[in-house]
Amino acid sequence: MKLVITIVSNKDLANVLSNTSSEGFFSTKVATAGQFLESGQTTILFGTEDEKVEKLFDIIEKSVTKRVLRKTGVESTIEGSLLKKPVDVEEFGAVAFVINVEDFRKL
């Protein structure tokens, strides 16, 4: 069994939850705060069988969108005019981690 920890942009959250639940994946969502992008993220925890992890990834990948955001005023301890210029930052629709689960119980 695997625990898939997925951090999803709030812009894609409804799609991910709808599409994964319609395919039979159960989840728990946890509010999450990031350090750089202000658009908001949510962490979703999925417990699934080993052989279903790739299917879950396929569903999530089809449910999210990569975006390029223009950010200004990047914080740094270095002084200089370049820090005031807009920077393009790639925002992934989701990031996922897979962890082995030794034991799983519904109590």
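Source: prediction; values computed, not measured.

1. Thoughts on the sheet that holds strand 1 (residues 2-9)
Judged by pairing direction, the sheet is antiparallel, and its 4 strands sit side by side in the order 2-3-1-6 without closing on themselves. Two strands in the sheet have a free side with no partner beyond their single neighbour: strand 2 (27-32) and strand 6 (94-100). Taking the axes of each pair of neighbouring strands and ignoring which way they run, one obtains an average angle of 20° across the sheet. Looking at chain direction, strand 1 and strand 6 are connected through 7 bridges and run antiparallel. Paired with Thr6 across the two strands is Ala96, which belongs to strand 6.

2. So, the nonpolar core
Val4, Val8, Leu13, Val16, Phe25, Ile44, Phe46, Val53, Leu56, Ile59, Ile60 and Val64 together form the largest nonpolar core, which totals 12 residues. Those elements giving two or more residues to this core turn out to be strand 1, helix 1 (13-22), strand 3 (41-48) and helix 2 (53-63). The leading source of residues in this core is helix 2, at 4 residues. When residues no more than four places from it in sequence are discounted, the contact partners of Val64 are Val8, Asp12, Val16, Gly93 and Ala94.

3. Some details on the side chain of Thr20
Locating Thr20 in the fold gives a position in helix 1. Contacts of Thr20, omitting those with residues within four sequence positions, involve Phe25, Phe46, Leu56, Ile59 and Ile60.

4. Looking at the pattern of salt bridges
Applying the stated criterion to the full structure yields 3 salt bridges. In this structure, the salt-bridge partner of Glu23 is Lys55, at a minimum N-O distance of 3.3 Å. Of this pair, Glu23 sits in the loop between helix 1 and strand 2 while Lys55 sits in helix 2, placing them 32 residues apart in sequence. When its relative accessible area of 41% is taken as the criterion, Glu23 is described as partly exposed. Note that Arg105 is salt-bridged to Asp103, the shortest N-O span being 2.8 Å.

5. A word on the confidence of the model for the protein chain
The pLDDT averaged across the protein chain works out to 85; a share of 80% of its residues lies at or above 70. The least confident element of the protein chain, judged by mean pLDDT, is strand 5 (residues 87-91) at 71; the most confident is helix 2 at 97.

6. Re the pairing of strand 1
Judged by how many residues are buried, strand 1 sits mostly within the fold: 6 of 8 residues are covered. One ladder, built from 8 bridges, connects strand 1 with strand 3; its direction is antiparallel. Considered in strand 3, the bridge of Val8 is made with Thr42.

What counts, and at which threshold
Residues numbered from 1 in each chain as written. Predicted model: local features only at pLDDT ≥ 70, side-chain atom pairs only at ≥ 80, totals over all residues. Heavy atoms only, no water. Pairing = 2+ DSSP bridges. Helix = DSSP H or I, 4+ residues; strand = E, 2+ residues; numbered from the N terminus. Axes fitted to C-alpha atoms, helices over the stretch in contact; angles between N-to-C directions. Core = buried A, V, L, I, M, F, W, Y, C linked by side-chain atoms within 4.5 Å. Buried < 20%, exposed > 50% of the residue type's maximum accessible area, 1.4 Å probe, protein only. Contact = heavy atoms within 4.5 Å. Salt bridge = Lys/Arg side-chain N within 4 Å of Asp/Glu carboxyl O. pLDDT = per-residue confidence, 0-100.

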